[in-house]
Amino acid sequence: MKLIERKRYLNKVINVMETPDIKVITGVRRSGKSKLLEAFKEYVLENIPDANVIHINFNLTEFEELREYHELNRYIEARYMKKKKNFVLIDEVQMCPDFELTLNSLHASEKYDIYITGSNAFLLSSDLATLFTGRTIEIKVFPFSFREYMEYHSYTDIYGSFDKYMKEGGMAGSYLYKDPEMRYDYISNVFDTLVIRDIQTKYKIRNSVLMNRIVDYLMDNISNLTSARNITETLKGNKDKINHKTVGNYLAYLCNAFAFYKFRRYDIQGKKYLASSDKYYLSDPTFRYAKLGTKNMDYGRVLENIVAIELLRRGYEVYVGVLHKKEIDFVAVKRNEKLYIQVSDDISREDTFQREVSPLLNIKDAYPKMIIARTKREEYQYEGVRIIDIADWLLEQ
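Predicted model only: the values in this text are computed from it and were never measured.

Draft legend 1. Structural context of the pairing of strand β8 (residues 317-323). Counting buried positions over the seven residues of β8 gives six, a clear majority of the element. Alignment of strand β6 (residues 260-267) against β8, held across three bridges, turns out to be parallel. Each residue of the ladder has a partner; that of D267, found in β8, is V322. The antiparallel pairing of β8 with strand β9 (residues 326-334) creates a hairpin that spans two residues between the two strands, and H324 there sits at a positive phi of about 55°.

Draft legend 2. Summary view of the sheet that holds strand β4 (residues 112-117). One open sheet holds the five strands; their spatial order is β2-β3-β4-β1-β5, and the pairing between them is parallel. Here the strands that pair on one side only, and so sit at the sheet edges, are β2 (51-57) and β5 (136-140). Each adjacent strand pair in this sheet contributes to an overall mean axis angle of 15°, direction not counted. Both β2 and strand β3 (residues 85-91) contribute to a ladder of seven bridges, which runs parallel. Of the residues in β3, the one forming a bridge with V53 is F87. Packed on one face of the sheet, helix α2 (residues 33-47) meets β1 (22-26), β2, β3 and β4 and runs near 165° to β3.

Draft legend 3. Layout of the packing of helix α10 (residues 228-236) against helix α11 (residues 244-256). Across the interface, α10 lies against α11 with an axial gap of 8 Å and an inter-helix angle of 115°. For the pair α10 and α11, the crossing hand works out as right-handed. Of the residues in α11, those touching α10 at A228, R229, I231 and T232 are H244, V247, G248 and L251. Classifying every residue of the contact of α10 with α11 by side-chain character gives four nonpolar, three polar and one charged.

Draft legend 4. Quick peek at the pattern of salt bridges. The tally for this structure, following the rule as stated, stands at 23 salt bridges. Close ionic contact of K35 with E38 constitutes a salt bridge, the shortest N to O distance being 4.0 Å. Remark: E38 and K35 occur in helix α2; sequence separation between them is three residues, near one turn of the helix. One network of salt bridges, in which partners are shared, links D163, D345, R374 and K376.

Draft legend 5. Representation of the packing of aromatic side chains in the model. Following the criterion strictly, the structure yields 28 aromatic pairs and no others. Between the aromatic rings of F191 and F287, the centroid separation amounts to 5.0 Å while the plane-to-plane angle is 55°, which identifies the pairing as tilted. Of this pair, F191 sits in helix α8 (residues 180-203) while F287 sits in helix α12 (residues 286-292), placing them 96 residues apart in sequence. With relative accessibility at 1%, the residue F191 sits in the buried group. One aromatic cluster is present, formed by F144, F146, Y149, Y152, Y155, F162, Y165 and Y175 through successive ring pairs. One cation-aromatic arrangement involves K111 over Y80; the distance from NZ or CZ to the ring centre is 4.4 Å. The lysine or arginine in question, R314, covers the ring of W393, its NZ or CZ lying 4.2 Å from the ring centre.

Draft legend 6. Main features of the side chain of D21. Among the secondary structure elements, D21 is positioned in the loop between α1 (7-15) and β1. Leaving out residues up to four positions away in the same chain, D21 has contacts with H107, D113, I114, R135, T136 and I137.

Draft legend 7. Structural view of the sheet that holds β8. On the basis of which strands lie adjacent, the open sheet formed by eight strands has the order β7-β6-β8-β9-β10-β11-β13-β12 and mixed pairing. Whereas interior strands pair on both sides, the edge strands pair on one side only; in this sheet they are β7 (272-282) and β12 (380-382). Here the strands of the sheet are splayed against their neighbours by 35° on average, with no regard to which way each runs. Alignment of strand β11 (residues 369-373) against strand β13 (residues 385-389), held across four bridges, turns out to be parallel. Following the sheet pairing, M370 is matched in β13 by R386. Contacts from helix α14 (residues 350-361) reach β8, β9, β10 (337-344), β11, β12 and β13, with the element oriented near 165° to β10.

Parameters and conventions
Residues numbered from 1 in each chain as written. Predicted model: local features only at pLDDT ≥ 70, side-chain atom pairs only at ≥ 80, totals over all residues. Heavy atoms only, no water. Buried < 20%, exposed > 50% of the residue type's maximum accessible area, 1.4 Å probe, protein only. Helix = DSSP H or I, 4+ residues; strand = E, 2+ residues; numbered from the N terminus. Pairing = 2+ DSSP bridges. Axes fitted to C-alpha atoms, helices over the stretch in contact; angles between N-to-C directions. Contact = heavy atoms within 4.5 Å. Left-handed = near helix turned anticlockwise from the far one by under 90°. Nonpolar A, V, L, I, M, F, W, Y, C, P; charged D, E, K, R; others polar. Salt bridge = Lys/Arg side-chain N within 4 Å of Asp/Glu carboxyl O. Phe/Tyr/Trp six-rings, centres within 6.5 Å; stacked < 30°, edge-to-face > 60°. Lys NZ or Arg CZ within 6 Å of the ring centre and 35° of its normal.

Structure below.
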């Protein structure tokens, strides 16, 4: 398989090297967590002369006997070297039951620099503080960005490549399949494994049919306002016996496992969060295409999904903005920086353009405002609002 250097993520790992925290690499299944760990191992061996790297990959049978936490601890301690910088790298750590007992002990000894990856459903952001008594740093990995997609394929036609990216997405493992049907079968199987095996195993979910119905509903309603009650009422119409608490739990499981990301609504004028409903976006929109095909295919929603994940990839906190009952697609915040963003497939018609730009013009503060659309032309300004093609925006550093 062809590999590209994912410098953004590798630099994040390098920048926290030798800090006293346990470094936890998280992300949706097949997003490149293991490859990132391998790339970091190579960096350490090439750049740290006195490094001692203890690397355990539980996907390999040679480490099968270490799937007992006492054995794992003994193996690592036996390979510790004094007067060396000892790095512990463990891939798919959840395959060792009670692994946290070993890691907490190693961390408490202050002898090791620890890095781990694990299945997205078993190594959740919400669980890290409970699992580990020491401090942790989470390094979030996403599927390939558009920039990485173009680099992987050595594409030069920006707008034509983006048309392909909309359907092929960022799951790099699928790029090996030349036949489109096999490619989407691969992507569908990755998602089914994520939902059916990982989530159902962790939470002991018996009603797999209900889980699948909720997943299909979320995929079919990407970028629409959604609540547990709305989903419950819809599924009750299909004679499913459920309640909104069960649906709320399932939504939390899907988000905790990085299958979907929940974006809360924020009242820009009132400066408060709204609790009535939220929006959900897929970790990679190609999952929707692989599972549902062209059913209710709305390219505007796909673009919105791509922008949502890219903003997370760039480190923003992202909300859905509300101003005087009008919606701002995204309010992106990072420290003292704030962006207001509208996303549209086509703004060539004057009425469509005015519909997108008017909410931005009604915002009275001085933070940057932009419309991201498929203009396929150079960016321009309209009364202080930046208008840019989505492919060009995605390629910005």
